[in-house]
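Take a look at the letters that make up each chain.
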Amino acid sequence: MDQLELFELPNPCIGVCESDNRGYCKGCLRSRDERFNWPQKPVAEKARILKLLAQRRKRREQKSGGSEAGYGPATELDLFD
């Protein structure tokens with residue numbers, strides 16, 4: 001058994017479901033194909049998509065000069081506060 005199969009990978013959706021001009025979600029940065037049927041995707045595919053999202057998030061932050069006032073994990077509410 002692969003170690004990835006031991007843990008459920010989280011859905012990166014943050015509830016901001018609006019596409020940009022390139023077709024990527026402004027909230028989670030996934031393409032339409034990456035969003036489609038997330039729960040049924042194999043764990044390895046989910047892991048690959050999550051790595052891509054980290055790269056996209058980093059590029060978006062660099063492009064905005066690190067002062068991103070948009071969407072993403074930094075703007076999410078902490079459920080445990």
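Residues numbered from 1 in each chain as written. Predicted model: local features only at pLDDT ≥ 70, side-chain atom pairs only at ≥ 80, totals over all residues. Heavy atoms only, no water.

Draft legend 1. Representation of the overall build of the protein within the structure. A count of helices and strands for the protein gives two helices and zero strands. Taken across its 81 residues, the protein has 21% of its residues classed as buried. Taking the intrachain contacts of the protein between residues at least 6 apart in sequence as the baseline, contacts between residues at least 24 apart amount to 42%. If you sum the accessible surface of the protein, you get close to 6300 Å²; carbon and sulfur atoms cover 53% of it. (Helix = DSSP H or I, 4+ residues; strand = E, 2+ residues; numbered from the N terminus. Buried < 20%, exposed > 50% of the residue type's maximum accessible area, 1.4 Å probe, protein only. Contact = heavy atoms within 4.5 Å. Areas by Shrake-Rupley, 256 points an atom, 1.4 Å probe, with all protein chains shown as cover.)

Draft legend 2. The arrangement of the side chain of R30 in detail. Within the secondary structure layout, R30 lies in the segment before α1 (32-35). Buried within the structure, R30 lacks any salt-bridge partner; its nearest side chain of opposite charge belongs to E34, at an N-O separation of 6.3 Å. Residues contacting R30, with those up to four places away along its chain left out, are N11, P12, C13, G23, Y24, C25, R35, W38, I49, L53 and R56. (Lys, Arg positive; Asp, Glu negative; His and termini not counted. Salt bridge = Lys/Arg side-chain N within 4 Å of Asp/Glu carboxyl O.)

Purely geometric numbers; function is a separate question.
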